[in-house]
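# Tertiary structure, described
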Amino acid sequence: CQLKVQELLLYLSRTDPKQGTKMTESVSRQAELIREIHDYLTEHPEKRCTIEELSRRYLINTSSLKEVFKAVYGLPIASYMKEYRMNAAALMLQKTNENVVSIANRVGYENPSKFAAAFQSVMGMCPAEYRKSVVRMDQHWQERSRQEAQ
């Protein structure tokens, strides 16, 4: 939902309500490219792409790439992907018994210490603490459900 609002805001920022001017074909193409880049990045969180690599791959100027991505998604690419990766890791910590090193690799971190520091900065606790807190919450809600059922 937030993404759609941001896309709408980008669209509105490119229109002139007095003239009824719509996005230029160039701006529309850039927004579509940014969506393609976003899809690629989020489908492959294990890959670390530089702005220059993305720029060459999608034939978009690096400045435009950074500016339009931030306008559409609300954050610079690196910040957006860090949050995306940490949220994906948090979900894996909740839903699987996979070890932290394996999860770190799946979201693009070869160094477990760097992963733990990034996770801490986004989630407010280290991965092991996060997993324990999720398990405790699950146990709490299961116990509560049993008590209510009696």
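Residues numbered from 1 in each chain as written. Predicted model: local features only at pLDDT ≥ 70, side-chain atom pairs only at ≥ 80, totals over all residues. Heavy atoms only, no water.

Attention now moves to the nonpolar core. Ile34, Ile37 and Leu41 are the most contacted members of the largest nonpolar core, which has 16 residues in total. Going through the elements one at a time, helix H2 (25-43), helix H3 (51-58), helix H4 (62-73) and helix H5 (77-95) are the ones with two or more residues in this core. What Ile34 contacts, discounting residues up to four positions off in sequence, is Ile60, Leu65, Val68, Phe69, Val72 and Tyr73. Ala89, Val107, Tyr109 and Ala118 belong to the second largest nonpolar core, which has 14 residues in total. (Core = buried A, V, L, I, M, F, W, Y, C linked by side-chain atoms within 4.5 Å. Buried < 20%, exposed > 50% of the residue type's maximum accessible area, 1.4 Å probe, protein only. Helix = DSSP H or I, 4+ residues; strand = E, 2+ residues; numbered from the N terminus. Contact = heavy atoms within 4.5 Å.)

Turning our attention to the pattern of salt bridges. Counting across every chain of the model gives three salt bridges. Note that Arg35 and Glu32 form a salt bridge whose closest N and O atoms lie 3.2 Å from each other. Taken together, the residues Arg35 and Glu32, both in helix H2 and three residues apart, mark about one turn of the helix. For Glu32, a relative accessible area of 37% corresponds to the partly exposed category. Residue Arg106 is joined to Glu98 by a salt bridge in which the shortest nitrogen-to-oxygen separation is 2.6 Å. For Glu98, a relative accessible area of 19% translates into the label buried. (Salt bridge = Lys/Arg side-chain N within 4 Å of Asp/Glu carboxyl O.)

The subject of this paragraph is the packing of aromatic side chains. Throughout the structure, instances matching the rule amount to six aromatic pairs. Taken together, a centroid distance of 5.8 Å and an interplanar angle of 65 degrees make the contact between Tyr109 and Phe115 edge-to-face. In this pair, the class of Tyr109 matches that of Phe115, namely buried. Ring centres of Phe119 and Tyr130 lie 5.4 Å apart, and the angle between their planes is 75 degrees; on these two criteria the pair is classed as edge-to-face. Taken together, the residues span a long stretch of sequence, with Phe119 in helix H7 (residues 112-123) and Tyr130 in helix H8 (residues 127-149) at a distance of eleven residues. (Phe/Tyr/Trp six-rings, centres within 6.5 Å; stacked < 30°, edge-to-face > 60°.)

Two numbers describe how H3 lies on H4: the axes approach to 9 Å, and their chain directions differ by 100 degrees. By the angle between their axes, H3 is roughly perpendicular relative to H4. Contact with H3, carried on its side by Ile51, Glu52, Leu54 and Ser55, involves Thr62, Leu65 and Lys66 of H4 and no other residues of that element. Taken together, the residues of the contact of H3 with H4 break down into three nonpolar, two polar and two charged. (Axes fitted to C-alpha atoms, helices over the stretch in contact; angles between N-to-C directions. Parallel < 35°, antiparallel > 145°, perpendicular 65-115°, else oblique. Nonpolar A, V, L, I, M, F, W, Y, C, P; charged D, E, K, R; others polar.)

Attention now moves to H5. Helical geometry note: an α-helix holds 3.6 residues per turn, so side chains three or four residues apart project in the same direction. Under the 1.5 Å per step criterion, the end-to-end length of H5 is 27 Å for 19 residues, consistent within 8% with the ideal 27 Å. Those residues of H5 that fall on the buried side of the exposure criterion are Ile77, Tyr80, Met81, Arg85, Met86, Ala89, Ala90, Met92 and Leu93. (Expected span 1.5 Å × (residues − 1).)

Inspection of the secondary structure assignment puts Ser64 in helix H4. We classify Ser64 as buried; its relative accessible area is 19%. Among the polar contacts made by the side chain of Ser64, one reaches the side chain of Gln30 at a distance of 3.5 Å. Discounting residues that sit within four places of it in the chain, Ser64 has contacts with Gln30 and Phe69. (Polar contact = N/O pair within 3.5 Å; in protein donor to acceptor, adjacent residues only side chain to side chain.)

Right, let's talk about the environment of Val100 for a bit. Of note, Val100 is situated in helix H6 (residues 100-106). A relative accessible area of 27% means that Val100 is categorised as partly exposed. Each C-alpha atom, one on Val100 and one on Pro127, is 7.1 Å from the other, the two residues being 27 residues apart in sequence. What Val100 contacts, discounting residues up to four positions off in sequence, is Leu93, Phe115 and Pro127.

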